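# Coordinate inspection notes
Take a look at the letters that make up each chain.
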Amino acid sequence: MTERATSIDYEGLLSCARGEMFGPGNPQLPEPPMLMMDRITEISDDGGPNGLGHVVAEFDVKPDHWFFKCHFVGDPVMPGCLGLDALWQLTGFNLGWRGMKGRGRALGVGEVKFTGMVTPETKLLEYTVNFTRVIDRKLKLGIADGIMKADGEVFYTTTGMKVGLFQE
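I will try to describe carefully the structure that is included in this document. Here the structure is a predicted model, which is why all the values come from computation and not from measurement.

Reading the values: rules and limits
- Residues numbered from 1 in each chain as written.
- Predicted model: local features only at pLDDT ≥ 70, side-chain atom pairs only at ≥ 80, totals over all residues.
- Heavy atoms only, no water.
- Helix = DSSP H or I, 4+ residues; strand = E, 2+ residues; numbered from the N terminus.
- Polar contact = N/O pair within 3.5 Å; in protein donor to acceptor, adjacent residues only side chain to side chain.
- Contact = heavy atoms within 4.5 Å.
- Core = buried A, V, L, I, M, F, W, Y, C linked by side-chain atoms within 4.5 Å.
- Buried < 20%, exposed > 50% of the residue type's maximum accessible area, 1.4 Å probe, protein only.
- Salt bridge = Lys/Arg side-chain N within 4 Å of Asp/Glu carboxyl O.
- Pairing = 2+ DSSP bridges.
- Disulfide = S-S within 2.5 Å.

The residue Gln 89 is located in helix α3 (residues 80-97) in this model. Reaching out from Gln 89, the side chain makes a polar contact with the backbone oxygen of Met 34 at a distance of 3.0 Å. At 2.6 Å, the side chain of Gln 89 forms a polar contact with the side chain of Asp 85. Ignoring any residue separated from it by four or fewer positions in sequence, one finds Gln 89 in contact with Leu 29, Pro 30, Met 34, Leu 35, Met 36 and Met 37.

As structure tokens, then:
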């Protein structure tokens, strides 16, 4: 097996969004503005607290991001669903990075807790995904827990995030 990168820069993320990194019909990140990360700083198939793989990524928050302009006028906050989507994006990315084939689809989440709000004053989001189960048979499925920190403080936690890969 060829050596896999353990960090991915922004250009690499865009390559994945264009379908170039894992090939047509395989896991793909969304393009901006729905791409909710700027870099992956760590990725593994055997790390994390369960030894089943993990991903750590960062997103530089800018006061002029598109979501602050419309959510909400006079009270700008990043929609919680965008942070959750980032965690799903990273879960699917990890499956593709492992070499699994198929189009990624978020299938659900067990529990989500929001304990803070991302505002235009926030500087950095850090996402961490820790796999609790990986199925690589006919069914391709990653189940993971996630954390989103804003400027070092935990703002979102998830358990039981599920992402599957499906071939046409």
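Counting residues in each nonpolar core, the largest one holds 42 residues, and the members touching the most others are Met 37, Ile 40, Met 78, Phe 93, Val 118, Leu 125 and Tyr 127. If you list the elements that add at least two residues to this core, you get α1 (10-17), β1 (39-44), β2 (54-60), α2 (66-70), α3, β5 (124-136), β6 (140-150) and β7 (153-166). Discounting residues that sit within four places of it in the chain, Tyr 127 has contacts with Met 36, Met 37, Val 55, Val 56, Ala 57, Phe 59, Gly 83, Ala 86, Leu 87, Leu 90, Ile 147 and Met 148.

This part is about the pattern of salt bridges. This model, assessed by the stated rule, comprises five salt bridges. Salt-bridge contacts for Asp 45 lead to Arg 4; the nearest nitrogen and oxygen are separated by 2.6 Å. One end of the pair, Asp 45, is in the loop between β1 and β2; the other, Arg 4, is in the segment before α1, and 41 residues separate them in sequence. Residue classification places Asp 45 among the partly exposed positions, given a relative accessible area of 30%. Measuring nitrogen to oxygen at the nearest pair gives 3.0 Å for the salt bridge that ties Arg 18 to Glu 20. Linked through salt bridges whose partners overlap, the residues forming this network are Arg 39, Glu 58 and Asp 60.

This paragraph deals with the pairing of β5. Residues in a regular strand project their side chains so that they alternate between the two faces of the sheet. The pairing of β2 with β5 spans seven bridges and is antiparallel. Bridging across to β5, Phe 59 finds its partner in Leu 125. Here β5 pairs with β6 via 11 bridges, running antiparallel. Bridge assignment links Tyr 127 to a residue of β6, and that residue is Met 148. In sequence, β5 turns back onto β6 through a hairpin of three residues.

Okay, the state of the cysteines next. One pass over the full model with this rule turns up zero disulfides. Cys 81 provides the cysteine sulfur closest to Cys 70, a residue in no disulfide bond, and the two sulfurs are 10 Å apart. Here Cys 70 falls in the exposed class, since its relative accessible area comes to 52%.

In terms of burial, α1 is a largely internal element, six of the eight residues being buried. Packed against the buried residues of α1 are β1 and α3. The backbone nitrogen of Glu 11 has a side-chain oxygen 3.3 Å away, supplied by the residue at the start of α1, namely Asp 9. Just downstream of α1, Gly 19 is the residue with a positive phi angle, here 85°.

With that out of the way, let us pick up unusual backbone geometry. In this structure, the amide linkage connecting Pro 32 to the following residue, Pro 33, adopts the cis form with an omega of 10°. The omega torsion of the bond from His 71 to Phe 72 falls at 0°, within 30 degrees of zero and hence cis. Summarising the element assignment, Phe 72 is placed in the loop between α2 and α3. Phi is positive for Asp 151, close to 50°, though the residue is something other than glycine.

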